[in-house]
Amino acid sequence: MSRKSSASLFSWAPLFGLLFVISILLPYAKAETLRLDRGEFIFDQNQPPPTLPQSHWEPVKLPDNWDLSHPFRGGSGWYRFSFTLDHSPSDLWAVYLPRLSVNAQVFINGQLVGSGGRFIEPISHNSYRPLFFSFPGPLLHAGENQIALNLLGFAQEESGLSPFQIGPVTALKPAYNSQHFREVIVPTISFTLLLLLSFILFIIWLRRRQETLYLMFSLCGGFSTLYTAIFFIQEVPWLTHHQWLWMELTAAMWYVYCLMLLIHRFVKVQRPSLEKFFLIYTIVGPILIFFLPSPYLFRAFGILGLGYCAVSLYILFTIYQYRHQCLPSETWLLFFSILFSALTGYHDLAYMLHSRHEIPVFIFYWGSTVLGIAIAFLLLLRFDRSLILFETLNRDLNSLVAEKSRTLAQSYQERQTLEMRQAVFGERERIMRDLHDGLGGYLVSAMVQAERHPPQLRTLQQTLRSALEDLRLMIDSLDGDPTDLTTQMGSLRERLESLMESSGAVLHWQVEDSPRLPLPSTSNTLQLMRMVQEIFTNIAKHSHACHVFFSVGARHLEVRDDGEGFDVSTTRSGRGLPHLYSRAQQLGITLNISSSSSGTTLHLTW
Amino acid sequence: MIPPTQRNSVLIVEDEPITRDRLVEAISAHPLLQVIAATGSLRAGQEAFLAHPPRVALIDLGLPDGSGLDLIRQIHDSQSLTESLVLTVFGDEQHVVNALKAGARGYLLKDSSFTTIADNLLMLIDGGSPINPKVARFLLGQFGEWEKSTPMTPQITLTEREKDILNLITKGYKRNEIASLLNISNNTVGTHIRRIYEKLSVHSNIEAAQEAVQLGLITNGR
């Protein structure tokens, strides 16, 4: 979530607030309606409306809170109200009961017009919602009419009835709708919203177990939604009224306890002993209350709640104390939403501990909902911030990697340059050596021959030609692929040809596919070429051959002539043969020479 | 004695006087050849060519006032009957291939014997072209690359026969040996080589044109 979108969330808040205020201030319809607040009351289990003598009924004024009017009494009670009408209405009328506890059904002139649901366990719960029963107007007649209301209440639980209205549906419906929206729709929405948020944060926590904040929130949210359920759920299967009430109020206690844990983690303080104390308080308190007689349940929770009052004050103080741990906006949003939540809690506690005539409206769920949304918002902001942090770190890491790669590439390049320089140096050294061994020697001889008196022109010409041939060999070895022995051999032929021609021999040439030296390199190829050149020079000088057969294959080279031949054992020292042998050895080549009077064969294998 | 007008005219462009004189001497000695001009600079060579286009031009690349390649290109583009040979000391790939791309019909080693010089010139006139193993290897490699990289028309790819001939040349076989190995005439071998050279220069021209277009596009784009 980006900062921009969170800002736009803020900008929507005033609009929601405005809608809320409008819904509260909607004018209550007055015209044509009757407000009933004076009548008679009797405890009676019978159905339908009791017809006991007038003396058994006692007068009552609404609001009638049983905790005050009938302490420690519960069960089925009957209210009776009389009113007169000028004429019997023809349109649709309704009874609108803004507040009662716990359940009610209404009879008009002895006729049942509506019921809030079941009167035996598991009963229907209507304590925190308005009831609205419509009926046909002709049910009322001109003159006196009677409305009887059967109320199911529980001792010491703020049971009772508030003033209610009767009138045409069109006149009463707007007020009912507005109250229904506030007390049923809004809790339903906040229940759904908080449940969803809790679920999302719980999923986040499952993937990031070290972030206990998310778990705390989902627990808080879970308990808060459980508590909120009391306001809009009418029918609770399996549970009796008291079990349901006990579960709801216990959820509220757990909610406050988890909130404390959440805040501790949010402002990063560790108070394990305090947490342990309140954990025991939160476990033991409700369990003890569970075994109390039911009339004491509500009040006991009120007393237990005082402990949580203290917790809320402590939480507020802690946030204030550690306000520097968080961003100021975070701190104050948290502080004020907790303050709001706490105030709603105090309001409800005050009602639970001290009964008044009116039937109470409990508003703690407002506080817990607002706080839940605020905290979820803060957590999402934190999540956003950690994402941004992660992105920044990632970017830094990437640039670091890029930097390292650059350095690596640079050093690789440097190494390559160095290697290339070394290769160039090696090559240069080789050329120097070749020039010295070949061309240099020939040129020195040529100079000596030219300086003699008279100059030995014929020898000089031969020497110079040899120098040129050697230079050609060198150029061949430098020009192109040194491992391509085929082409090197082919190039050599032109020169051998002229050499053979000058000595009167015919060269028979055969080159098979791709001869390859064991160690192919420019230098080795040149050495081999020099050997071949030398062999042919010897043939031209000494053999008097008519035919010379040259053949080369992948792993051998053979030169055969039909000349005079020589004694291999005695001629070892002369004719440059030792030179040939040592070159062959250097190249890892085996040289075999066989000679007879009918010719000589030189065989090189590798 | 063949009258001078029926001899094949030769132009020599070589700045080194001793080599030039030797060439003049070798060519003049042959009854079928006649040197009509021997110059030592690019400019003089160009003038001599324009004045009397010879049958054969022997051209050195490193001239004092420019590169012999320019003259080879000029001759090639002139639509005249003149054919050029590049003069080289070593017959190395660099020299020969550039000259062939510019349109030369072959090369001539500067220290060749008199007979070789004359033979090479006559072979050229007969429609053949001098070649050596290294140039053959280069051609095989170059055409192979072109075939791999770009789809080409059959006119500028090598035929199987042409490849066979180049392969044998690479191994050092002579023209007559190749002819008998492949059961063709000596002249046919020469014609094949000449055709390969033509393909090389055609392809080089296309390539140069494409490069120019690409450069032009880049320049226009900016």
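Residues numbered from 1 in each chain as written. Chains lettered and ligands numbered in written order. Predicted model: local features only at pLDDT ≥ 70, side-chain atom pairs only at ≥ 80, totals over all residues. Heavy atoms only, no water.

Quick look at the side chain of A:Asp67 now. Residue and element names in this part refer to chain A. Looking at the element boundaries, Asp 67 is found in helix 2 (residues 66-69). The exposure class assigned to Asp 67 is buried, which follows from its relative accessible area of 6%. For Asp 67, the side chain forms a polar contact with the main-chain nitrogen of Gln 156, separated by 3.4 Å. Those residues in contact with Asp 67 that lie beyond four places of it in its chain are Gln 156, Glu 157, Glu 158, Ser 159, Arg 299 and Ser 355. (Helix = DSSP H or I, 4+ residues; strand = E, 2+ residues; numbered from the N terminus. Buried < 20%, exposed > 50% of the residue type's maximum accessible area, 1.4 Å probe, protein only. Polar contact = N/O pair within 3.5 Å; in protein donor to acceptor, adjacent residues only side chain to side chain. Contact = heavy atoms within 4.5 Å.)

The subject of this paragraph is the packing of aromatic side chains. Residue and element names in this part refer to chain A. Per the stated rule, a full pass over the model turns up 37 aromatic pairs over all chains. Each ring, one from Phe 43 and one from Trp 66, has its centre 5.1 Å from the other, and the planes form 70°; the classification is edge-to-face. Within this pair, whereas Phe 43 is found in strand 2 (residues 38-43), its partner Trp 66 is found in helix 2, the two being separated by 23 residues in sequence. Summarising the aromatic geometry, the rings of Phe 191 and Phe 232 are spaced 5.1 Å apart at their centres and angled 65° between planes, so their arrangement reads as edge-to-face. Linking Phe 191 in helix 3 (residues 169-207) with Phe 232 in helix 4 (residues 212-232), this pair joins segments that are 41 residues apart in sequence. Judged by its relative accessible area of 15%, Phe 232 is buried. What links up through ring pairs into an aromatic cluster is the set Tyr 128, Tyr 227, Phe 231, Tyr 255, Phe 298, Phe 362, Phe 364, Tyr 365 and Trp 366. Above the ring of Phe 43, the side-chain terminus of Arg 73 is found at 3.9 Å from the ring centroid. (Phe/Tyr/Trp six-rings, centres within 6.5 Å; stacked < 30°, edge-to-face > 60°. Lys NZ or Arg CZ within 6 Å of the ring centre and 35° of its normal.)

To continue, consider the nonpolar core. One finds A:Phe550 and B:Leu139 to be the most contacted residues of the largest nonpolar core, which totals 82 residues. Sequence-distant contacts of A:Phe550, defined by excluding residues within four places in its chain, comprise A:Met489, A:Leu507, A:His508, A:Trp509, A:Gln510, A:Val511, A:Val532, A:Phe536, A:Leu557, A:Glu558 and A:Val559. A:Met253, A:Leu259, A:Leu261 and A:Val311 belong to the second largest nonpolar core, which has 67 residues in total. (Core = buried A, V, L, I, M, F, W, Y, C linked by side-chain atoms within 4.5 Å.)

With that settled, consider the pairing of strand 9 (residues 111-115) of chain A. All names here are of chain A. When strand 8 (residues 103-108) meets strand 9, the two strands line up antiparallel, connected through 4 bridges. Paired with Val 106 across the bridge in strand 9 is Gly 114. Between strand 8 and strand 9, which pair antiparallel and follow one another directly, the connecting turn spans 2 residues, one of which, Asn 109, has a positive phi of 45°. (Pairing = 2+ DSSP bridges.)

Residues and elements named next belong to chain A. Among the 11 residues that make up strand 5 (residues 75-85), 9 are buried, leaving the element largely enclosed by the rest of the structure. Examined bridge by bridge, strand 2 and strand 5 share 4 bridges and lie antiparallel to one another. Paired with Phe 41 across the strands is Tyr 79, a residue of strand 5. Pairing of strand 5 with strand 11 (residues 143-153), which is carried by 11 bridges, proceeds in the antiparallel orientation. Residue pairing across strands places Phe 81 opposite Ile 147, the latter belonging to strand 11.

So, about the domain arrangement of chain A. Under the domain assignment used here, chain A contains domain 1 (33-178), domain 2 (183-394) and domain 3 (500-605). Using C-alpha coordinates to define each centre, domain 1 of chain A is positioned 132 Å away from domain 3 of chain A. (Domains from an automatic or database assignment.)

Before going further, it helps to examine the packing of helix 12 (residues 522-543) of chain A against helix 13 (residues 577-587) of chain A. Residue and element names in this part refer to chain A. Two elements in contact, helix 12 and helix 13, have axes separated by 10 Å at closest approach and are oriented at 155°. The angle between helix 12 and helix 13 falls in the class roughly antiparallel. You can see that helix 12 and helix 13 cross each other, and the crossing is left-handed. Contacts between helix 12 and helix 13 pair Asn 524, Gln 527, Leu 528, Arg 530, Met 531, Glu 534 and Ile 535 from the former with His 579, Leu 580, Arg 583, Ala 584 and Leu 587 from the latter. Per-class residue counts for the contact of helix 12 with helix 13 are 6 nonpolar, 3 polar and 3 charged. (Axes fitted to C-alpha atoms, helices over the stretch in contact; angles between N-to-C directions. Parallel < 35°, antiparallel > 145°, perpendicular 65-115°, else oblique. Left-handed = near helix turned anticlockwise from the far one by under 90°. Nonpolar A, V, L, I, M, F, W, Y, C, P; charged D, E, K, R; others polar.)

This part takes up the sheet that holds strand 7 (residues 107-109) of chain B. Residues and elements named next belong to chain B. The parallel open sheet is built from 5 strands, whose spatial order is 2-1-3-6-7. The open sheet has two edge strands, strand 2 (33-39) and strand 7, and neither has a second partner. This sheet shows a mean twist of 25° between the axes of neighbouring strands, independent of strand direction. As paired elements, strand 1 (residues 8-13) and strand 3 (residues 56-60) share 4 bridges and run parallel to each other. Within strand 3, the residue paired with Val 10 across the bridge is Val 56. In the packing of helix 1 (residues 17-28) onto the sheet, contacts are made with strand 1, strand 2, strand 3, strand 6 (83-88) and strand 7, and the angle to strand 2 comes to roughly 165°. Contacting strand 1, strand 3 and strand 6, helix 3 (residues 68-77) crosses the sheet at an angle of about 160° to strand 3.

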